[in-house]
Amino acid sequence: MDYQQKLAEKLTILNERGNGVLIRMNYIKKTCGDPKLRPSFLTDKAMESAIKYINKKFPNIDYRGNIQNLTSIQRQKSEVLSNTTSYYESFLDVIEFRVNIVVFHHLTFKISQLFFDIEYYCSYHAYTECDPYSDPSYPRLGQMFLEYDHPWKKLTEEFGPHTKAVTTALLSLKMVYPRRNLPAEQWRSAQLLSLLSAPAAMLDSACCDTMACEYLSMETMERWIIIGFLLCHSSLNSNQASQELWKMGLRSGIYLTLTRDEVLNIHKVSEDLFDNIKGYSKRIADIKECREHVLVNGGAMHRERRHFLRGALKELCKVLEDEPGLLGPKALFVFMALSFSRDEILWLVRHSENMPKLKVPEDYIDNQLAELLYYMEKLRGLMRKYNNVVQRYHVQYLAQFDALVLNDTIQNMYVCPEEESVLMSSFVSTLSGLSVKQVDNKEEFDFRALRLDWLRLQAYTSVNKAPLPLKDYPDLAKVMNLTQFHTKMVDAVEEMLYETSELSIFCFYPRVFEKMFTQSSEEATMKRYLMAFPLVCSHFSQSGDPLCPEEVEAMEKRSLRLCVTFLEQIAKQTSTVVLEICAEQRNLCDQLLPKHCAETISAARYRKQKKQMPKKGEVQKEKPGAESLRKDRTVANNMDKLHLMLTELCSCYSLCGDFVVFDHIVVPTEFLISQLETRLSEIIVRMTNYNQTTQEITRPSDLLAGIGAYVANLHSLSCYINVDVTRLVKSVLLQQTQPLDSHGGQTITTLYTNWFLESLLRQASNSLIVHCPTLHCFMSQVTDTEPRMHRYRYCTAVNSRCALYAPLGGENVLKRMTIIGVILSFRAMVQECLKDILHKHCPYLTGPIQCLRDFSNPEADIQVTLSIYELASAAGLPCDIDPSLVAAIRSMQTDNTSPDEEHKLSRLLLVYIAVSLPLLALDPNSFYNREHGGHNNNIHCLARAINQLAAAMFTIQNKNIEQQLKEFLLLASSTLLQLGQNVERMEIKNRESIYLLLHMIVEESPFLSQDMLESCFPYVLLRNAYREVYKSFIVTLG
């Protein structure tokens, strides 16, 4: 019985199995043909003689004999076995498939083509892998190799008995293929795929008698026609319809895909086959004529088709985006559009890679392919997004229309056997039981059983002498084909999208894929569609096969590489435009800086004077804002072009927020953020203009203004695309606070630190730059390098004192302490700015920190106090004890020195400083500058250095800071009072300025008070000192 043969199940399984075997054999061919991938023993010179011997004697090889040529294989037998087992088993799969195949003979042809391409690499593998006397499959395998030495000849012989059936099946395409294979002019005149061409019928369901054929791949039909008539060619000389259909297939192109990137040159293969058959001279002439037709007209015809499809898909997308409810009745239009577009892309890809020599190669180059890919992805996205709409419509259609029509058709059948009756009754009952509530409740639908039953019914009714011949009931076939399509719209939309629009062919043509991306990216109008290229990479995972798992890993690597390459290129182009706009805005912002307003202020002072005529040839400087004045708005300036380019590039990011490539979630905007982060960091560093040779660097205020201009314009990027610009800016600026950024490059922190150390602080230590407490800044001062010999007269007493102090190196100690003071003063200025900024941005954070600092008690737990001070210092708040200085001094301690010794050295250091203070009066730059609020040689910084250094040292030693500083104050006062007893002019001149230093030490210290100072140093001396340094200073009030 035909029911027991399970033809439908067998055909389904064999079709999938045949495709898997084909992919497996192609992978083996690629592996063995690539020197980098093939097994190592194949490239071993010692194996060359064995390979030649096996290829010559195969399959009749005396393996048991002691043959010298096979000794190399015997030595490496284990390696050969381990590497070729899978190959041998794959060949056995081919034999098994060949035995079981009944209908899909064209797959046998494809496998034989690949099989004999790799024979010379793998034939001996199969033999040496298994002893021919113990493996019963080996003789059959060897016989198949010999039989298919000329595959076309063997296949035509095998297909001889099936010529009539195959020819009849091929001629069934004569109504479908010519209608699908029309030029673009006829598509345009028929308004193909247009929903607007007939507004009155817009809500009508799109259906026809041959639903599945409307989106059937053209390449599939051409493969059936070309290979089918090659294997069953007798009708080409006797049947005009066969000949016309065959010639139409030959005019479609030059190459047909066998699998992956393996193609068949249809004209060459056909000509070679017919050349050896008598009576086919006219067919050879037809082949040559068809080939010439393709070379002349093929490229232009397919180019026009792609041009038409770009416009048709764009219109379809716009209409369906505006009215997604039309996806229900017009779903067929979507799959037709996807299938037609896919056919043209596949044709272009396989002919671009194997492009023949042409006079017009431009027909095989499409720099607008991105638009077609983009709208294909848009349609795919719409079908996924509104899948619920499509389901709802077709569930109602199946229950309220298809079920009724199918029931009427069955009732009108005059013959209906029991098995067929059971199947058709189940169709009606299944469809009648559907309701919209199932969609609302999000129930899962599965109509695979129904579709398999329909395939079973076709098998039962298509055999010879069937009790219910399907050809006598065409209405049943029409209704069931329509029903099958509607069921797929309910439960198999993803399968339909894969069938009509998957473009995994690009995975096997990476060079063509990258070339097409480059060509599209060079077109300004195509930039908004570039995201389609990386999105296509998400198709590649669908083309893997369980019979060839080894191929999947290589496909995954290639897919991710292509996807990342495309996204990086798009991100690079976008970031370039964004940062060019930022640079333009920064230049405009730079014109408004105070340093550029001198000329304007100068002109304003003399605005009442007669305007002077500009000199000849002198270009008058434009004022800021002049770039906004336009005489003609249609003339686009550079900023207009940049913003237009930015709009185009950002539009492509709207295609999707993320997608999956081989289980990897890809977020396109993250590539843009990464590019912006890297390049923005580089730009900020370049904006410093640091020159290590000349020690020149941009003023921090100017750099801040430039960064502000960049940040402000970067925030405008969020108007174009959904990106977190705040996160980007924070990441970049936080990296700039570290010595190195995330890529190991220098940051502005490093550059300014180096400049402050090498230039500012070094010059400050040499008194070339003065710290000004009044102005809270550092100022340069002009120094007189000429020797001032009068300062060294009447030095008898001074020389005596210097002779005492010289061995102690007092000047060096004070010099180093002054440098430390300058550094600490600079750090205090930075912390004060930090405090102001933090208070401005987050006052609710700085307030609690300040309260915590004020209520901390150093006498309780010093470690807790230091932790609090560390927090406060990080917030820019001044502390009685500097935690950073404590950590620095503690790190320099060694285990060899006892705490008592450390304390003794610390006290001696303070004594050393105290007794050295009078030496400062000898320096002419020790004069107190009343305008700057400090001394010209920065010795006023000693006050901060002494207080903070003493607090840090005695905190580590757990000593009383106040007591130690009191002792220092007593000793310093005593040594300074001795200056009053000296009548030498050199010391008397700067004596008052040095007295003020003592007052500064007390004012700067949180541990000393004015009462302590008055107890050891007369206040009248301080009052007279201030009067002396301010006596010539004019104070202006109001």
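Details of the structure are given in the entry above.
Residues numbered from 1 in each chain as written. Predicted model: local features only at pLDDT ≥ 70, side-chain atom pairs only at ≥ 80, totals over all residues. Heavy atoms only, no water.

> Outline the overall build of the protein chain, listing residues and values.
When its secondary structure is counted, the protein chain shows 45 helices and eight strands. Per-residue burial for the protein chain yields a buried fraction of 48% across its 1038 residues. Look at the contacts in the protein chain between residues 6 or more apart in sequence, and 78% of them connect residues 24 or more apart. Carbon together with sulfur atoms contributes 53% to the accessible area of the protein chain, which is approximately 53,200 Å² in total. (Helix = DSSP H or I, 4+ residues; strand = E, 2+ residues; numbered from the N terminus. Buried < 20%, exposed > 50% of the residue type's maximum accessible area, 1.4 Å probe, protein only. Contact = heavy atoms within 4.5 Å. Areas by Shrake-Rupley, 256 points an atom, 1.4 Å probe, with all protein chains shown as cover.)

> So what about helix H15 (residues 266–275)? Which residues, and what values?
Three or more residues of H15 are buried, namely Ile266, His267, Val269, Ser270, Leu273 and Phe274. Relative to the axis of H15, the buried residues are bounded by an arc of 165° and lie together on one face. Buried residues along H15 sit against helix H8 (151–158), helix H13 (218–231), helix H14 (240–250), strand E1 (255–259), strand E2 (262–265) and helix H16 (281–322). (Arc of directions from axis to C-beta.)

> Quick rundown of the packing of aromatic side chains? Include the residues and the values.
If you walk through the whole model with that rule in mind, you get 28 aromatic pairs. Taken together, a centroid distance of 5.9 Å and an interplanar angle of 40° make the contact between tyrosine 393 and tyrosine 397 tilted. Linking tyrosine 393 with tyrosine 397, this pair stays in helix H19 (residues 387–411), spanning four residues, or about one helical turn. You can call tyrosine 397 buried: its relative accessible area is 14%. (Phe/Tyr/Trp six-rings, centres within 6.5 Å; stacked < 30°, edge-to-face > 60°.)

> Give a detailed account of the side chain of serine 973, specifying residues and quantitative values.
Structurally, serine 973 can be placed in helix H41 (residues 961–980). Residues in contact with serine 973, not counting those within four places in the same chain, are Leu998, Cys1016 and Phe1017.

> Help me get a handle on the packing of helix H18 (residues 369–385) against helix H24 (residues 493–501), residues and values and all.
Here H18 crosses H24 at 170°, and the two axes come no closer than 10 Å. Judged by the inter-axis angle, H18 sits roughly antiparallel to H24. Only Val493, Glu494, Leu497 and Ser501 of H24 make contact with H18, whose side of the interface consists of Met376, Arg380, Met383 and Arg384. Its residues assigned to classes, the contact of H18 with H24 shows four nonpolar, one polar and three charged. (Axes fitted to C-alpha atoms, helices over the stretch in contact; angles between N-to-C directions. Parallel < 35°, antiparallel > 145°, perpendicular 65-115°, else oblique. Nonpolar A, V, L, I, M, F, W, Y, C, P; charged D, E, K, R; others polar.)

> Provide a residue-level description of the packing of helix H40 (residues 942–956) against helix H43 (residues 991–1004), including the pertinent values.
Packed helices, taken two at a time, are described by the angle between their axes plus the distance between the axes. Packing of H40 against H43 brings their axes to within 8 Å, and their N-to-C directions diverge by 45°. Considering the angle they form, H40 stands oblique to H43. As H40 packs across H43, the resulting crossing turns out to be right-handed. On H43, the residues touching Leu942, Ala943, Arg944, Ile946 and Asn947 of H40 are Leu997, Met1000, Ile1001 and Glu1004. Residue composition of the contact of H40 with H43, by class: six nonpolar, one polar and two charged. (Left-handed = near helix turned anticlockwise from the far one by under 90°.)

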